[in-house]
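Each chain, letter by letter, is given below.
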Amino acid sequence: MSKINNDQGKALLEVKNLNVAYGKVDALIDFNMRVNEGQIVSVVGPNGAGKTTLLSAIMGVLSSKGNVDFDGEVGQCPQIERMVVRGLGLVPEKRELFSSMSIEDNLMLGAFQRYRHGDRGYKDSLDEVYSIFPRLKERRQQEAGTLSGGERQMLAVGRALMAKPKLLMLDEPSLGLAPLITREIFKIIDQLRGQGVSILLVEQNARAALKLADYAYVLEMGELSIQGKGADLLEDKRIIESYLGTNSKHQDVLAI
């Protein structure tokens, strides 16, 4: 059982002994982690390590065993709608936009739960999203399906922000994007931290993820292998050899 050492600050999310299995195959084994308020925490690792499984279990998309303590409430096998209402947001790897709907309508869908619960402040949130992503404002009546990959990622993040999440979980935000667009997306993630949004970032591009991270966890074959401050892991020989070496496919990410 791995010890959680990210204890500098007030915990927003604590995952304790989380286990997920697909049939008889263990995808996540006794995983422990913590995200504190105002932090960017990164989870890095190779394909098939269990990174997406981790986010899906925290969100309640997948059934799991263990505890997920979010914003002071401990739960086993979270329920997705309840997690959204309590302030957990997820931008999935596939972005899952409504291609035939306008940018603005996609964004407004992100505020649906707030609207249902009588919160009329979502129009202010729309202005905030447009200030972060001016390109979306310029094209707000355009169909989402006509956007480039980078713009689609911006829209997916903007839609999640419309729910005013306390914690935003991002699953492979740089996937399929050109290096310059990747750099732009990571700058926006850093900007969100500056605005007080806590972020859990799952990312295969280890260099960029560790540069951003206050704290990071390395996930391999469903288990936690290494953890520490992002800056420390950038200098860790094991990380350099596995993820950051000159022959590594992770090397091609433009640093922020």
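No experiment lies behind these values; they were computed from the predicted model shown.

(A) Just unusual backbone geometry, in detail. Not every positive phi belongs to a glycine, and Lys-164 is a case in point at roughly 50 degrees. Position of Lys-164 relative to the elements: it lies in the loop between helix H7 (149-161) and strand S7 (167-171). In this model, Met-221 sits at a positive phi of 50 degrees, which is unusual for a non-glycine residue. Tracing the chain through its elements places Met-221 in the loop between strand S9 (215-220) and strand S10 (223-228).

(B) A look at the sheet that holds strand S3 (residues 40-44). Read across the open sheet, the six strands follow the order S6-S7-S8-S3-S9-S10; overall the sheet is mixed. Edge strands, defined here as strands with exactly one partner in the open sheet, are strand S6 (88-91) and S10. Geometrically, the sheet is characterised by an average inter-axis angle of 15 degrees between neighbouring strands, direction not taken into account. By the bridge criterion, five bridges tie S9 to S10 in an arrangement that is antiparallel. Looking at the pairing, Ala-216 lines up with Gly-228 of S10.

(C) Quick look at the nonpolar core. By size, the foremost hydrophobic cluster in this structure holds 48 residues, and its most contacted members are Phe-133, Leu-168, Ile-189, Leu-192 and Ile-199. Among the elements that line this core, the one with the most residues is H7, at six residues. Leaving out residues up to four positions away in the same chain, Leu-168 has contacts with Gly-89, Val-91, Val-157, Ala-160, Leu-161, Leu-192, Val-197, Ser-198, Ile-199 and Leu-200. The next biggest cluster of nonpolar side chains, apart from the first, holds 29 residues, and it includes Leu-12, Val-43, Ile-58 and Leu-219.

(D) Spatial organisation of the side chain of Ser-56. Here Ser-56 shows up in helix H1 (residues 51-59). Judged by its relative accessible area of 14%, Ser-56 falls in the buried class. Those residues in contact with Ser-56, other than ones at most four positions away along the chain, are Val-61 and Leu-62.

(E) Quick look at the environment of Asp-7. Looking at where Asp-7 falls in the secondary structure, it is placed in the segment before strand S1 (11-22). For the pair Asp-7 and Ser-102, spaced 95 residues apart in sequence, the C-alpha to C-alpha distance is 42 Å. Apart from the residues within four sequence positions on either side, Asp-7 is in contact with Arg-34 and Asn-36.

(F) Broad picture of the pairing of S9. Counting buried positions along S9 yields five of six residues, so the element is predominantly enclosed. Here S3 runs beside S9; their pairing, made up of four bridges, is parallel. Across the sheet, residue Val-44 finds its bridge partner in S9, namely Val-218. Counted between consecutive antiparallel strands, the loop separating S9 from S10 contains two residues, among which Met-221 sits at a positive phi close to 50 degrees.

(G) Focus on the pattern of salt bridges. Taken as a whole, this structure holds ten salt bridges when the rule is applied. With a closest N to O distance of 3.7 Å, Glu-172 and Lys-51 form a salt bridge. A residue pair is termed long-range when its members are at least 10 positions apart, and Glu-172 in the loop between S7 and helix H8 (179-194) and Lys-51 in helix H1 qualify at 121 residues. Here Glu-172 falls in the buried class, since its relative accessible area comes to 5%. When its relative accessible area of 5% is taken as the criterion, Lys-51 is described as buried. For Glu-151, the salt bridge goes to Arg-139, with nearest N and O atoms at 2.4 Å. Of the two residues, Glu-151 is situated in helix H7 and Arg-139 in the loop between helix H6 (134-138) and H7; the sequence distance between them amounts to twelve residues. Classification of Glu-151 by relative accessible area gives buried; the value is 7%.

Rules of the game
Residues numbered from 1 in each chain as written. Predicted model: local features only at pLDDT ≥ 70, side-chain atom pairs only at ≥ 80, totals over all residues. Heavy atoms only, no water. Helix = DSSP H or I, 4+ residues; strand = E, 2+ residues; numbered from the N terminus. Pairing = 2+ DSSP bridges. Axes fitted to C-alpha atoms, helices over the stretch in contact; angles between N-to-C directions. Core = buried A, V, L, I, M, F, W, Y, C linked by side-chain atoms within 4.5 Å. Buried < 20%, exposed > 50% of the residue type's maximum accessible area, 1.4 Å probe, protein only. Contact = heavy atoms within 4.5 Å. Salt bridge = Lys/Arg side-chain N within 4 Å of Asp/Glu carboxyl O.

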